[in-house]
Structures are given as structure tokens and as C-alpha cells.
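Next come the chains, spelled out residue by residue.
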Amino acid sequence: RDDPGAAIECYVESIACEEQAGSSSPELDALRKMKTLCEAWREGNHALAEWRGTDATLAFRSCRNIAQDTRAIKPTPGYAPVDANGECLQQIMLGEAEDSLATRIKLAAREEERKRRFLQHIQDGEDMLKKHQATAALEAFVSANKVALNEDDTRPSDPPQVALAE
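Keep in mind it's a predicted model, so treat the numbers as computed, not measured.

**Q** Would you mind going over the overall build of the chain in detail, with residue names and values included?
**A** The number of helices and strands found in the chain is five helices and zero strands. The order of helices and strands in the chain, counted from the N terminus, is α-α-α-α-α. Among the 166 residues that make up the chain, the fraction classed as buried is 33%. For the chain, contacts bridging at least 24 residues in sequence account for 66% of all contacts bridging at least 6. For the chain, the exposed area adds up to about 9900 Å²; of that, 52% sits on carbon and sulfur atoms.

See below:
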């Protein structure tokens, strides 16, 4: 399932084993990057749960960048399965994890838009009050309340849950 905390624990253990063995292999660097990716994913999940769309977007985009950096690490022959050209056969962040990350980025962007609409309704309501247009102000505040309650949004309360690639 989508549990970056569990993945982080696995990476911490793997990193400790590699460091204890005195390794300075590219794979150790990859493990460290994947741990950082999972930490960013966890932060993105927290930000999304707290309706902080901008922070969630930044965290999830960071995941994508870290995955690209990790893919660029050349594996040590014999350490990871490679093809005849020396290319690693195990890819970082493919399939369901990549799809889940794309979904999370979209959810975070929708939250950013929802916040923008909310703030605009509040501003409209305040402007109407200043102009002594109480009825129009009430309509703007009712619209802001709907946005805040998510009544005009189809965002699922719980984003899809998938396993992170290890």
C-alpha cells in the first residue's frame, strides 16, 4: 500500500547494512535517494491531507525529480540485474507508483485551485460588504463555504492507495 513510512524503514535498514559493510557503491547512493524520495512522498501526503496544495505539489514534484536522479545512477555489475549493455533491468518508480505520483500531483493542483477559488470568494464577499451590498456578500460567502466544505468539488476524500516501487 501507499505507505512511505514502511518503505523508509526498509531503506534505513538497507542503508545501515551497506554502510556497515563499508560500501560506497552507486547502489548505496540509490538507497539514500529512494529514502529521500519516500520522505518527500510522506510530506506530500501530509500536506495534501492538511489541504496545503502548494506544499503537496512541491513535495510530489520533488519525488519525480529524485526518481529521475536515481534512475541515472549506473549499477555495479553483479549487484543488480543488468542487460548486455550494462543497463539496469530494475527501474525506479514505474507502473503503479508512477501513476499514483501523477494522481497525487493532480490532486495537489486541484487543491491549489480550490484554495484560489475560496480566497477569491472571500475577497468578493469583503468587497461587497464594503460597498454595502449585503445580499451579494452573503452569496460570495456561501460560495466560499461550499468550496471550503468541498461541496462543489469531486475530489475523493482518500487518494488511491498503491505500493511504492522498491
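**Q** Talk me through unusual backbone geometry; I want residue IDs and the actual numbers.
**A** Positive phi values are uncommon outside glycine, yet Trp-51 reaches one of about 60°. Here Trp-51 is to be found in the loop between helix 2 (26-49) and helix 3 (53-71). Accessibility expressed as a relative area gives 33% for Trp-51, which makes it partly exposed.

**Q** Run through the confidence of the model for the chain, naming residues and quoting values.
**A** A residue-level look at the chain finds 77% of positions with pLDDT of 70 or above and a mean pLDDT of 79. Within the chain, no element has a lower average pLDDT than helix 5 (residues 134-148), which sits at 84, and none a higher one than helix 2, at 91. Scored below 50 in pLDDT, residues 153-166 makes 41 contacts in the model with residues more than four places away or belonging to other chains.

**Q** Got a sec to walk through the packing of aromatic side chains? Specific residues and values, please.
**A** Centre-to-centre distance and the angle between the planes together describe a pair of aromatic rings. One pass over the full model with this rule turns up one aromatic pair. Arranged with centres 6.3 Å apart and planes meeting at 75°, the rings of Trp-41 and Phe-60 form a pair that is edge-to-face. Of this pair, Trp-41 sits in helix 2 while Phe-60 sits in helix 3, placing them 19 residues apart in sequence. Phe-60 matches Trp-41 in its accessibility class, with the two residues each being buried. Taking the ring centre of Trp-51 as reference, the NZ or CZ of Arg-114 above it sits at 4.4 Å.

**Q** Provide a residue-level description of the pattern of salt bridges, including the pertinent values.
**A** Pairing is possible between side chains that carry opposite charge, provided their charged atoms lie close to one another. For the coordinates displayed, the defined rule picks out eight salt bridges. The partner of Glu-50 in a salt bridge is Arg-52, and the shortest N-O contact between them spans 2.8 Å. Across the pair Glu-111 and Arg-114 runs a salt bridge, and its minimum N-O distance is 2.7 Å. On the criterion of helical spacing, the pair formed by Glu-111 and Arg-114 is a turn pair, its members being three residues apart in helix 4 (residues 96-130). Residue classification places Glu-111 among the buried positions, given a relative accessible area of 3%. The class for Arg-114 is buried, based on a relative accessible area of 8%. A cluster of three or more residues bridged by salt bridges with shared partners is formed by Glu-43, Glu-50, Arg-52 and Asp-55.

**Q** Account for the nonpolar core, with residues named and values stated.
**A** The biggest cluster of nonpolar side chains holds 22 residues, and the ones touching the most others in it are Leu-37 and Phe-60. The set of elements that each furnish at least two residues to this core consists of helix 1 (4-20), helix 2, helix 3 and helix 4. Counting residues per element, this core draws most heavily on helix 2, which supplies nine residues.

**Q** Before we move on, could you go through the state of the cysteines and cite the residues and values that matter?
**A** A full pass over the atoms with the stated rule returns zero disulfides. The structure places no disulfide on Cys-63, whose sulfur is separated from the nearest cysteine sulfur, that of Cys-38, by 7.8 Å.

**Q** I'd love a proper account of the packing of helix 3 against helix 4, names of residues and values included.
**A** Interhelical geometry of helix 3 versus helix 4 gives an angle of 155° and a closest axis separation of 7 Å. For the element pair helix 3 / helix 4, the angle class is roughly antiparallel. Two packed elements cross with a definite hand, and for helix 3 against helix 4 that hand is left-handed. Residues Gly-53, Thr-54, Ala-56, Thr-57, Phe-60, Arg-61, Cys-63, Arg-64 and Arg-71 of helix 3 form the contact with helix 4, whose participating residues are Glu-98, Leu-101, Ala-102, Arg-104, Ile-105, Ala-108, Ala-109, Glu-111 and Glu-112. Of the residues that constitute the contact of helix 3 with helix 4, the class distribution is eight nonpolar, three polar and seven charged.

About the thresholds
Residues numbered from 1 in each chain as written. Predicted model: local features only at pLDDT ≥ 70, side-chain atom pairs only at ≥ 80, totals over all residues. Heavy atoms only, no water. Helix = DSSP H or I, 4+ residues; strand = E, 2+ residues; numbered from the N terminus. Buried < 20%, exposed > 50% of the residue type's maximum accessible area, 1.4 Å probe, protein only. Contact = heavy atoms within 4.5 Å. Areas by Shrake-Rupley, 256 points an atom, 1.4 Å probe, with all protein chains shown as cover. pLDDT = per-residue confidence, 0-100. Phe/Tyr/Trp six-rings, centres within 6.5 Å; stacked < 30°, edge-to-face > 60°. Lys NZ or Arg CZ within 6 Å of the ring centre and 35° of its normal. Salt bridge = Lys/Arg side-chain N within 4 Å of Asp/Glu carboxyl O. Core = buried A, V, L, I, M, F, W, Y, C linked by side-chain atoms within 4.5 Å. Disulfide = S-S within 2.5 Å. Axes fitted to C-alpha atoms, helices over the stretch in contact; angles between N-to-C directions. Parallel < 35°, antiparallel > 145°, perpendicular 65-115°, else oblique. Left-handed = near helix turned anticlockwise from the far one by under 90°. Nonpolar A, V, L, I, M, F, W, Y, C, P; charged D, E, K, R; others polar.

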